[in-house]
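The residues making up each chain are set out below.
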Amino acid sequence: MSKKSELKKAIVESKQEIDNLEKKLFRSQTALLSAVLNHEKPSDRDAEYFRLYTSLINVERENLQELTEELKNAD
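In this report, the structure presented in the accompanying data block is examined.

How each quantity is defined
- Residues numbered from 1 in each chain as written.
- Predicted model: local features only at pLDDT ≥ 70, side-chain atom pairs only at ≥ 80, totals over all residues.
- Heavy atoms only, no water.
- Helix = DSSP H or I, 4+ residues; strand = E, 2+ residues; numbered from the N terminus.
- Expected span 1.5 Å × (residues − 1).
- Buried < 20%, exposed > 50% of the residue type's maximum accessible area, 1.4 Å probe, protein only.
- Contact = heavy atoms within 4.5 Å.
- Polar contact = N/O pair within 3.5 Å; in protein donor to acceptor, adjacent residues only side chain to side chain.

1. A look at helix 1 (residues 3-37)
Given 3.6 residues per helical turn, the α-helix brings residues three or four places apart onto the same face.
Phase 1 of the analysis: Between its first and last C-alpha atoms helix 1 spans 50 Å; for 35 residues at 1.5 Å apiece the expected length is 51 Å, and the two agree.
Phase 2 of the analysis: Among the residues of helix 1, those classed as buried are L7, I11, S14, I18, L21, E22, L25, S28, L32 and A35.
Phase 3 of the analysis: In the core, the buried residues of helix 1 are packed alongside helix 2 (44-73).
Phase 4 of the analysis: Among the residues trailing helix 1, H39 stands out with phi positive, at a value near 55°.

Structure, rendered in C-alpha coordinates:
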(Lines give C-alpha, C1' and ligand atoms only; values in the text may rest on other atoms or scores of the structure.)
Protein backbone atom coordinates (compact mmCIF):
# COMPACT_ATOMS: atom_id res chain seq x y z
CA MET A 1 0.00 0.00 0.00
CA SER A 2 1.27 3.45 -0.78
CA LYS A 3 2.04 5.96 1.92
CA LYS A 4 -0.81 8.24 0.79
CA SER A 5 -3.42 5.48 0.89
CA GLU A 6 -2.19 4.42 4.34
CA LEU A 7 -2.55 8.00 5.56
CA LYS A 8 -6.04 8.31 4.06
CA LYS A 9 -7.09 5.08 5.78
CA ALA A 10 -5.62 6.28 9.09
CA ILE A 11 -7.51 9.58 8.74
CA VAL A 12 -10.81 7.76 8.20
CA GLU A 13 -10.13 5.54 11.22
CA SER A 14 -9.22 8.56 13.34
CA LYS A 15 -12.45 10.33 12.40
CA GLN A 16 -14.44 7.20 13.26
CA GLU A 17 -12.69 6.97 16.62
CA ILE A 18 -13.52 10.61 17.37
CA ASP A 19 -17.19 9.93 16.52
CA ASN A 20 -17.27 6.91 18.83
CA LEU A 21 -15.62 8.81 21.67
CA GLU A 22 -17.99 11.76 21.23
CA LYS A 23 -20.99 9.44 21.59
CA LYS A 24 -19.60 8.20 24.89
CA LEU A 25 -18.85 11.77 25.95
CA PHE A 26 -22.42 12.83 25.24
CA ARG A 27 -23.77 10.07 27.49
CA SER A 28 -21.67 11.23 30.43
CA GLN A 29 -22.44 14.86 29.63
CA THR A 30 -26.17 14.07 29.70
CA ALA A 31 -25.83 12.42 33.11
CA LEU A 32 -23.91 15.43 34.47
CA LEU A 33 -26.41 17.92 33.09
CA SER A 34 -29.33 15.93 34.43
CA ALA A 35 -27.82 15.99 37.92
CA VAL A 36 -27.27 19.74 37.74
CA LEU A 37 -30.80 20.41 36.53
CA ASN A 38 -32.22 18.21 39.30
CA HIS A 39 -30.12 20.05 41.91
CA GLU A 40 -28.23 16.85 42.71
CA LYS A 41 -24.53 16.23 43.13
CA PRO A 42 -23.16 14.75 39.91
CA SER A 43 -21.77 11.25 40.18
CA ASP A 44 -18.00 11.16 40.55
CA ARG A 45 -17.96 8.34 38.03
CA ASP A 46 -19.85 10.40 35.42
CA ALA A 47 -17.50 13.33 35.97
CA GLU A 48 -14.48 11.06 35.59
CA TYR A 49 -15.86 9.55 32.38
CA PHE A 50 -16.47 13.06 31.05
CA ARG A 51 -12.88 14.09 31.78
CA LEU A 52 -11.51 10.84 30.34
CA TYR A 53 -13.44 11.04 27.08
CA THR A 54 -12.66 14.73 26.70
CA SER A 55 -8.95 13.96 27.03
CA LEU A 56 -9.12 11.04 24.62
CA ILE A 57 -10.96 13.16 22.04
CA ASN A 58 -8.33 15.88 22.32
CA VAL A 59 -5.52 13.37 21.81
CA GLU A 60 -7.28 11.85 18.82
CA ARG A 61 -7.92 15.28 17.29
CA GLU A 62 -4.21 16.08 17.58
CA ASN A 63 -3.45 12.76 15.90
CA LEU A 64 -5.92 13.60 13.12
CA GLN A 65 -4.27 16.99 12.59
CA GLU A 66 -0.85 15.36 12.33
CA LEU A 67 -2.11 12.76 9.86
CA THR A 68 -3.82 15.42 7.76
CA GLU A 69 -0.68 17.56 7.71
CA GLU A 70 1.44 14.55 6.80
CA LEU A 71 -0.93 13.71 3.93
CA LYS A 72 -0.82 17.30 2.71
CA ASN A 73 2.98 17.22 2.71
CA ALA A 74 3.13 13.82 1.01
CA ASP A 75 2.55 15.38 -2.41
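2. Comments concerning the side chain of S28
Phase 1 of the analysis: With respect to the helices and strands, the residue S28 is situated in helix 1.
Phase 2 of the analysis: By relative accessible area, which is 6% here, S28 ends up buried.
Phase 3 of the analysis: Within the local environment of S28, its side chain forms a polar contact with the backbone oxygen of L25, the two atoms lying 2.9 Å apart.
Phase 4 of the analysis: Here S28 is in contact with D46, Y49 and F50, once residues within four sequence places are set aside.

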